[in-house]
Amino acid sequence: MDRLQLPRNMIENSMFEEEPDVVDLAKEPCLHPLEPDEVEYEPRGSRLLVRGLGEHEMDEDEEDYESSAKLLGMSFMNRSSGLRNSVTGYRQSPDGVCSVPSVRTIVVCAFVIMVAVSVIMVIYLLPRCTFTKEGCHKMSLPMGLIQPVATNGKVFPWAQARLPTAVMPVRYELNLHPNLTSMTFRGSVLISVQVLKATWNIILHSKGHNISRVTLRSAVSSQEQQVEILEYPSRQQVAVVARQALLEGHNYTLKIEYSANISRSFYGFYGFTYTDESKEKKYFAATQFEPLAARSAFPCFDEPGLKATFIIRIIRDEQHTALSNMPKKSSVLMEEGLVQDEFFESVKMSTYLVAFIVGEMKNLSQDVNGTLVSIYARPEKIGQVQHALETAVKLLEFFQNYFEIQFPYKKLDLVAIPDFQAGAMENWGLLTFQEATVLYDSNTSSVANARLLTKVIAHELAHQWFGNLVTMKWWNDLWLNEGFATFLEFFALEKIFGELSTYEDFLDALFKTMKKDSLNSSRPISSSVQSSEQIEGMFDSLSYFKGASLLLMLKTYLSEDVFQHAIILYLHNHSYASIQSDDLWDSFNEVTNQTLDVKKIMKTWTLQKGLPLVTVQRKGKELFVQQEKFLLNIKPEIQPSDISHLWHIPLSYITGGRNNSKYPLVSLLDKKSGVINLTEEVPWVKVNTNMNGYYIVHYADEDWEALIKQLKIDPFVLSDKDRANLINNIFELAGVGKVPLQRAFDLIDYLGNETHTAPITEALFQTELIFNLLEKQGHMELASRLVTRVFKLLQNHIKQQTWTDEGTPSMRELRSLLLEFACNHNLENCTTAAMKLFDDWMASNGTHSIPIDVMTTVFKVGAKTEKGWSFLLSKYFTIDSEAKKNKILEALASSDDVRKLYWLMKSCLEGDTIRAQKLSLVIKTVGRRFPGHLLAWDFVKEKWNRLVQKFLLGSYIMQNIVAGSTHLFSTKTHLSEVQAFFENQSEATFRLRYVQEALEVIQLNIQWMEKNLKTLSSWL
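Parameters and conventions
Residue numbers here run from 1 along each chain, matching the order of that chain's written sequence. With pLDDT at 70 or above as the cut-off, local features in this predicted model cover only qualifying residues; side-chain atom pairs require 80 or more to be listed or tallied, and sums for whole chains, interfaces and linings still use all residues. Working from all heavy atoms in the structure, the side-chain values ignore hydrogens and water. Each helix is a run of DSSP H or I of at least 4 residues and each strand a run of E of at least 2, with the numbering of both proceeding from the N terminus. The cut-offs for exposure are 20% and 50% of the maximum accessible area for each residue type, with area from a 1.4 Å probe on protein chains only; residues under the lower value are buried, those over the upper are exposed, and the others partly exposed. Shrake-Rupley sampling with a 1.4 Å probe provides the accessible areas, and residues are treated as covered by the protein chains on show and by no other component. Any pair of cysteine sulfurs within 2.5 Å is marked as a disulfide. By the convention used here, strands pair only if DSSP detects at least 2 bridges between them. To define axes, lines are fitted to C-alpha atoms, for helices over the stretch in contact only, and angles between the resulting N-to-C directions are given on a 0 to 180 degree scale. Contacts between residues were defined by any pair of non-hydrogen atoms, one from each residue, lying within 4.5 Å. Two rings from Phe, Tyr or Trp (for Trp, the six-membered ring) form a pair when their centres are within 6.5 Å of each other. A pair whose planes differ by under 30 degrees is stacked, one over 60 is edge-to-face, and the rest are tilted. Sitting over a ring, as applied to charges here, requires NZ of Lys or CZ of Arg to be within 6 Å of the ring centre and within 35 degrees of the ring normal. A side-chain nitrogen of Lys or Arg and a carboxyl oxygen of Asp or Glu constitute a salt bridge if their distance falls within 4 Å. We call two N or O atoms a polar contact when they sit within 3.5 Å, provided that within protein one can donate a hydrogen and the other can accept it, with sequence-adjacent residues counted only if both atoms are side-chain atoms. Crossings are assigned a handedness: left-handed for a near helix turned anticlockwise from the far helix by less than a right angle, right-handed for a clockwise turn. Here the term charged refers only to Asp, Glu, Lys and Arg, the term nonpolar to Ala, Val, Leu, Ile, Met, Phe, Trp, Tyr, Cys and Pro, and the term polar to all other amino acids, Gly among them. Multiplying 1.5 Å by the helix residue count minus one yields the expected span of that helix. Oblique is the label for any angle not covered by the other classes, which are roughly parallel (under 35 degrees), roughly antiparallel (over 145) and roughly perpendicular (65 to 115). Along the chain, pLDDT gives the predictor's confidence residue by residue, from 0 to 100.

All right, on to the overall build of the protein chain then. On a plain count of helices and strands, the protein chain comes out with 31 helices and 35 strands. Residues counted as buried form 59% of the 1020 residues belonging to the protein chain. By element, 51% of the accessible surface of the protein chain is carried by carbon and sulfur atoms, the whole surface being about 40,400 Å².

With that out of the way, let us pick up the state of the cysteines. Under the defined criterion, the tally for this structure stands at 1 disulfide. Covalent S-S linkage joins Cys823 and Cys830, the inter-sulfur distance amounting to 2.0 Å. Measuring the twist about the S-S bond at about -85°, one finds the Cys823-Cys830 disulfide to be left-handed.

An order of S9-S13-S12 is seen for the 3 strands of this open sheet, with the pairing classed as antiparallel. Looking at strand neighbours, the two that pair on one side only are strand S9 (199–205) and strand S12 (228–232), the edges of this open sheet. Across the sheet, the mean angle from the axis of one strand to that of its neighbour is 25°, orientation sign disregarded. Bridge count for S9 against strand S13 (residues 237–246) is 6 bridges, and the pairing is antiparallel.

Turning our attention to the environment of Glu224. Along the chain, Glu224 turns up in the loop between strand S10 (210–218) and strand S11 (225–226). Residue classification places Glu224 among the partly exposed positions, given a relative accessible area of 38%. Not counting chain neighbours up to four residues away, the residues in contact with Glu224 comprise Arg213, Thr215, Leu216, Arg217 and Lys255.

Before going further, it helps to examine the packing of aromatic side chains. Taken as a whole and assessed by the stated rule, the structure comprises 54 aromatic pairs. Here Phe398 and Phe491 contribute two aromatic rings whose centre-to-centre distance is 6.2 Å and whose plane-to-plane angle is 55°, an arrangement assigned as tilted. On the criterion of sequence distance, the pair formed by Phe398 in helix H4 (residues 386–403) and Phe491 in helix H7 (residues 478–496) is long-range, its members being 93 residues apart. For the pair Phe398 and Phe491, a shared accessibility class is recorded, and that class is buried. Sitting over the face of the ring of Phe765, Lys512 holds its NZ or CZ atom 4.2 Å from the ring centroid. Sitting over the face of the ring of Trp869, Lys900 holds its NZ or CZ atom 5.4 Å from the ring centroid.

According to the stated counting rule, one finds 56 salt bridges in the structure shown. With a closest N to O distance of 2.5 Å, Glu820 and Lys860 form a salt bridge. You can see Glu820 sitting in helix H19 (residues 809–824) and its partner Lys860 sitting in helix H21 (residues 855–862), a full 40 residues away along the chain. When its relative accessible area of 23% is taken as the criterion, Glu820 is described as partly exposed. What makes Lys860 buried here is its relative accessible area of 8%. Notably, a salt bridge pairs Lys941 with Glu977, separated by 2.6 Å at the nearest N-O pair. Placement of the pair is Lys941 in helix H26 (residues 933–942) and Glu977 in helix H29 (residues 972–983), with a sequence separation of 36 residues. Relative accessible area serves as the criterion here: at 29%, Glu977 is assigned to the partly exposed category.

Along the polypeptide, Arg618 turns up in strand S29 (residues 612–619). Arg618 sits in the buried class, given a relative accessible area of 18%. Spatially, the C-alpha atom of Arg618 lies 8.3 Å from that of Trp684, the residues being 66 residues apart in sequence. Here Arg618 is in contact with Leu623, Val682, Pro683, Trp684, Val685, Glu702, Asp703 and Ala706, once residues within four sequence places are set aside. Of the polar contacts made by the side chain of Arg618, one reaches the backbone oxygen of Val682; its length is 2.4 Å. In this structure the side chain of Arg618 is engaged in a polar contact, spanning 2.4 Å, whose partner is the side chain of Asp703.

Time to look at the packing of H7 against helix H10 (residues 541–558). The packing of two helices is summarised by the inter-axis angle and the distance between the axes. Close contact between H7 and H10 brings their axes to 7 Å; oriented N to C, the two are set at 65°. The chirality of how H7 crosses H10 is right-handed. Each of Leu478, Trp479, Glu482, Gly483, Phe484, Thr486, Phe487, Phe490 and Phe491 in H7 lies in contact with H10, whose residues at this interface are Ser543, Tyr544, Phe545, Gly547, Ala548, Leu551, Leu552 and Lys555. Considered class by class, the residues forming the contact of H7 with H10 number 11 nonpolar, 4 polar and 2 charged.

Next up on the list: the pairing of S29. The sheet contact formed by S29 and strand S30 (residues 622–629) spans 8 bridges and is antiparallel. The residue of S30 that forms the bridge with Pro612 is Lys629. Between S29 and S30, which follow one another and run antiparallel, lie 2 residues, and Gly620 among them has a positive phi close to 65°. As defined by bridge partners, S29 adjoins strand S35 (residues 696–699) across 4 bridges and the pair is classed as parallel. Within S35, the position partnered with Leu613 by the bridge is Ile696.

Taking 1.5 Å of rise per residue, 16 residues should cover 22 Å, and H19 covers 23 Å from first to last C-alpha, within 8% of that figure. Among all positions in H19, only Pro809, Ser810, Arg812, Leu814, Arg815, Ser816, Leu818, Leu819, Phe821, Ala822 and Cys823 are buried. Turning to H19, the residues buried within the fold contact helix H6 (447–463), helix H8 (503–517), helix H17 (757–776), helix H18 (780–800), helix H20 (830–843) and H21. Phi for Asn826, located one or two positions after H19, is positive at around 55°.

Turning to the packing of H18 against helix H31 (residues 993–1019), a few remarks are in order. Between H18 and H31, whose axes approach to 10 Å, the crossing angle comes to 60°. Viewed along their axes, H18 and H31 adopt a mutual orientation that is oblique. When you trace H18 past H31, the crossing you get is left-handed. Side by side, H18 and H31 meet where Leu782, Arg785 and Arg789 of the first sit next to Leu1013, Leu1016, Ser1017 and Trp1019 of the second. Each residue belonging to the contact of H18 with H31 can be placed in one class, and the counts come to 4 nonpolar, 1 polar and 2 charged.

The pairing of strand S22 (residues 362–368) with strand S23 (residues 371–377) spans 7 bridges and is antiparallel. Directly across from Asp367, in S23, lies its bridge partner Leu372. The hairpin turn running from S22 into S23, its antiparallel successor, is 2 residues long, and Asn369 in that turn takes a positive phi close to 50°.

This part is about the sheet that holds S29. The mixed open sheet is built from 4 strands, whose spatial order is S33-S30-S29-S35. Pairing within the sheet leaves two strands with one partner each, and these edge strands are strand S33 (673–677) and S35. Taken pair by pair, the neighbouring strands of this sheet meet at an average axis angle of 25°, ignoring direction. The sheet strands contacting helix H15 (residues 720–735) are S29 and S35, and the helix crosses S35 at an angle near 75°.

A separate point is helix H11 (residues 560–573). Over its 14 residues, H11 extends 20 Å from the first C-alpha to the last, a length consistent with the 20 Å expected when each residue adds 1.5 Å. Residues of H11 that are buried sit in contact with H4, strand S27 (470–472), H7, H10, strand S28 (577–579) and helix H12 (581–591).

Next up on the list: unusual backbone geometry. The linkage connecting Glu290 with the following residue, Pro291, adopts the cis geometry, with an omega of 0°. Tracing the backbone through its elements, the reader meets Pro291 in the loop between strand S16 (281–288) and helix H3 (294–297). We note that Glu336 has phi near 60°; this positive angle belongs to a residue other than glycine. Mapped onto the fold, Glu336 is located in the loop between strand S19 (328–333) and strand S20 (338–343). Look at Glu336 and you get exposed, because its relative accessible area is 74%.

By the element assignment, Ser212 lies in strand S10. The residues touching Ser212, leaving out its near neighbours within four places in the chain, are Glu257 and Tyr258.

So, on to the confidence of the model for the protein chain. Close inspection of predicted coordinates is inappropriate in any region flagged by low pLDDT. Summing up the model confidence of the protein chain, the mean pLDDT is 87 and the portion of residues at 70 or higher is 84%. Here residues 1–99 scores under 50 on pLDDT; set against residues more than four positions off or in separate chains, the count is 230 contacts. Ignoring residues within four places in sequence, the model shows residues 119–144, a span with pLDDT below 50, making 50 contacts including any to other chains.

Quick look at the structure:
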């Protein structure tokens, strides 16, 4: 799913604002000194840092380091200049002999030396000391303490990005009154907290709030006390300063009254307008809090591990509907035609799962074992929700049975939001979706649309257990949420929607993820994160698809029953709690009764980046296997050592011969190399059966030849998953020079006999990538020869395709794929047939039907003409189907007219005529084709600051925009240009993983062309 902001000073501006103010506590009075054990002094060369202690181990906080360095650097510079001034007493005589220094100079120098020696003695010889209210504890060095400063100039009493653990939230009562026309809201939040450790301060998150009043009340007192609040915007933290110490074990109630703007981005509590079918302007407000935006809607403890219950009240206009996580408890009519809705108290949950929506909506509902499932949409779209309702009902029943845990709420709402950046969001009891992912029109929605709808609903429903019921403590373990939801999404669909063949989509996504994980810029799926950009960066295909693949590999290795038993135990043991990866592995070890150390196996996969390359060689009845790290680009200075990269790999394999095994055999490779004994000599062996393992396999020359021979004789002794796996592996290995490129093309020579979608999809992906690199560098004749070679393999398949919607979902997907390939390259009169369908449709003013599965291809051909492009644009603004609008938009972005392409990207960014949520799709489509691939990057450069303001800097959409505009560059000139652009941004921007990944992909493209261009020219 193309995925995923928060308004100003949190993320976008952290890259552009000045460093946060700091103060030296050795010189400034401390009105609210830090608690004992809250800080320590930590020397780092010439830089100082204050770090909060407690259970959270921090990465180095860049802002404080740089600020400290600046202060100390200035101090050193001042002293240095003073020293330089003082030594000007030395004068060199004209003949080059130094004159005798004056007495004054000698005294000054002696004094400077004594000061320097004293400082060194203090730093290195005195006992460590921490400044506290009680005085000196021997823990840190007695150096000046540098501490953040609140907006009012007072010392802010907390110096970490993570919140302290002294105070825990128990319950929130949130009251909101949004004004959708002025885009503002008033709010108050009553937070019941429990003190776990005596403290003077309550530290929590707040962003963009005008806080007017703060009071604190003890549970044993009915009297509210107004208290001081300190704000530290650069970390989006506020500190409530108590008049008396808050006592351990006691409960308190904190009340904060505030006002704020409704966000105009897609994050936090945001609003927008749209025009209904009567051309009337409508107002709508919704939330998107994951990962760090709840704090912009209300002051809160905005970390996933800090769960509490929520009571929410919303004041709205009478014509609007308000929804939240829980069912509505009451509606009270107020003055001026306003209504206050109160929702029942929620179960314990994380702040990022809180949600509320205000707007004009209709719904369709069905009861499932006491839970009312409803699909909400704007009134004119209600006719497109039936398919989603039927899908959600089936999936809810499946998950409740599989997990043996009932959904805890009496209602489950799925809401189609007109303007929504994320594909969907799993808010507990209130799932939110882009309209295109949840609405279904049988006249315009293709097989791909049906698959997408089913996958997204399955993913978000799986989250109700994995992520909502059991939540990771911190974002470093995001994969526990997203990997599980992705795995269960495809697992559920295979069980109850098998006819959709969604495993084909999983394979396609997994192959791309493995390529990403083979880069030096990759990361472990469980990675330490602190900054907002790092946290946003975790929402990538590694968390989703690598996580899912590891769970699939584990399920296959342990058996489905053992796997199910373990995750049921895990859910029961940790319901409503926050966990770490080890808690999951402990549940598996409990089920396996310690006969297998699942934790030890899986940590080799979650705590190191990358994936293994398993090399296989048959010798008689033995199979010799060895593992190493697979890297697309091994730089000499960072070649991995044999010891540092070792995985515990469940190797599955099938063999040819008389005992051709229907069921795969499995052997655990937990060493650098090993030997597997076969029962007989076999003609071939295929390792990684059905692509159930997360690794790439390289065979000895004779073993590759045996597999290539088998594919030509009878490809169907191998599953379509295995055939797609072989195609992927051999092309990836050819890319790093381990296999000649010609051998990869020899392997796909069997494609004339292929009947399944997955292998053809992968073959076209790999060859289209080569075509794009050749085309973008102007090697048109060679690119044409490549297309001719692929076309010869697929010619019979293409000729057999009809311009209809007949066949199974998989066959229909294959038709879309093959006809798009043929029309893109002007093959087999494809464009003639497509143009006739388009002309008939245009002549009928869009009333004539076009077969759904070829609609995108037909629209792309039609968009090549001036008249066709303009007609498509006019239809984009008038049609009702989101699926059809997306097909038209992709066609418009495939134009050869760069002026039209620029206008399209600009319109998306502005968000008035075309929703900004479409920008990622448009840039990706523009950047893929020859006329637009330079334009897309120029647009991103030109609009960078605007993009960063509109979308979160570390977000999934920014990842896609940068990748989509640069991934086909393959020259050193382009590499230098992209590198120079990002180097001119902030250092933190340049260090973003997706920026480094983009640079590495360009380097790999250059490397690929240098290695293969000459060879390709000689034999193609």
